Amino acid sequence: QAQKIAETDAAATALGYKNDATKVDAKKFPAYAAGKTCSNCMLYQGKATDSWGACGAMGNKLVNGKGWCAAWAKKA
Ligand code: SF4
């Protein structure tokens, strides 16, 4: 069972990851826009409806479907 990422994890802080995308520091991470979340990111390994899913950008730890980080890429 994969572990949930901590926002204080080095990978998380480097990419501005937050469990709640609305808490992202948009000044520091201008790539963020409302509506972009882990659940609609290409790197999210969970189903779009899963609350948590593994993410390669976070060392395969679990990220929150409502989260976001600067490695977000639109799911094809
Ligand atoms: Fe979420 Fe995508 Fe960032 Fe992974 S790469 S933490 S799924 S926004």
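The structure this text deals with has already been given above.
Residues numbered from 1 in each chain as written. Predicted model: local features only at pLDDT ≥ 70, side-chain atom pairs only at ≥ 80, totals over all residues. Heavy atoms only, no water.

Draft legend 1. Seen up close, the overall build of the protein. Within the protein one finds 1 helix and 2 strands. Counting helices and strands in the order they occur from the N terminus, the protein gives α-β-β. For 76 residues, the compact-globule estimate of 2.2 N^0.38 gives 11 Å, and the C-alpha radius of gyration of the protein, at 11 Å, lies within 12% of that figure. With the C-alpha coordinates of the protein rotated into their principal frame, the extents come out at 35 × 25 × 15 Å. (Helix = DSSP H or I, 4+ residues; strand = E, 2+ residues; numbered from the N terminus. Rg over C-alpha atoms; globule rule 2.2 N^0.38 Å.)

Draft legend 2. Here's a closer look at the nonpolar core. In this structure, Ile5, Ala12, Tyr17, Cys38, Tyr44, Cys55, Met58, Val63 and Cys69 together form the largest nonpolar core, which totals 9 residues. In contact with Cys55, not counting residues within four places along its chain, are Leu43, Gln45, Asn60, Lys61 and Val63. Of all hydrophobic cores here, the second largest spans 5 residues; its members include Ala21, Val24, Phe29 and Trp68. (Core = buried A, V, L, I, M, F, W, Y, C linked by side-chain atoms within 4.5 Å. Buried < 20%, exposed > 50% of the residue type's maximum accessible area, 1.4 Å probe, protein only. Contact = heavy atoms within 4.5 Å.)

Draft legend 3. Geometry of the site of the ligand. Around the ligand sit 13 residues in total, of which Cys38, Cys41, Leu43, Cys55 and Cys69 are the nearest. Among the detected pockets, the ligand sits in the largest cavity. Each residue belonging to the shell around the ligand can be placed in one class, and the counts come to 13 nonpolar, no polar and no charged. (Near = heavy atom within 4 Å. 1 Å grid on protein atoms, 1.4 Å probe; cavity = no way out; pocket = protein on both sides within 12 Å on 5 of 7 lines; lining within 4 Å. Sits in = over half its atoms within 2 Å of the grid points. Nonpolar A, V, L, I, M, F, W, Y, C, P; charged D, E, K, R; others polar.)

Draft legend 4. Summary view of empty space enclosed by the protein. In total, this model carries 1 cavity of 30 Å³ or more according to the counting rule given. Estimates place the volume of the largest cavity at around 70 Å³. Taken together, Cys38, Cys41, Leu43, Tyr44, Cys55, Val63, Cys69, Ala71 and Trp72 make up the full set of residues lining the largest cavity. The residue makeup of the lining of the largest cavity, split by class, is 9 nonpolar, no polar and no charged. (Points joined across faces, edges and corners; volume = space filled by probe spheres on them.)

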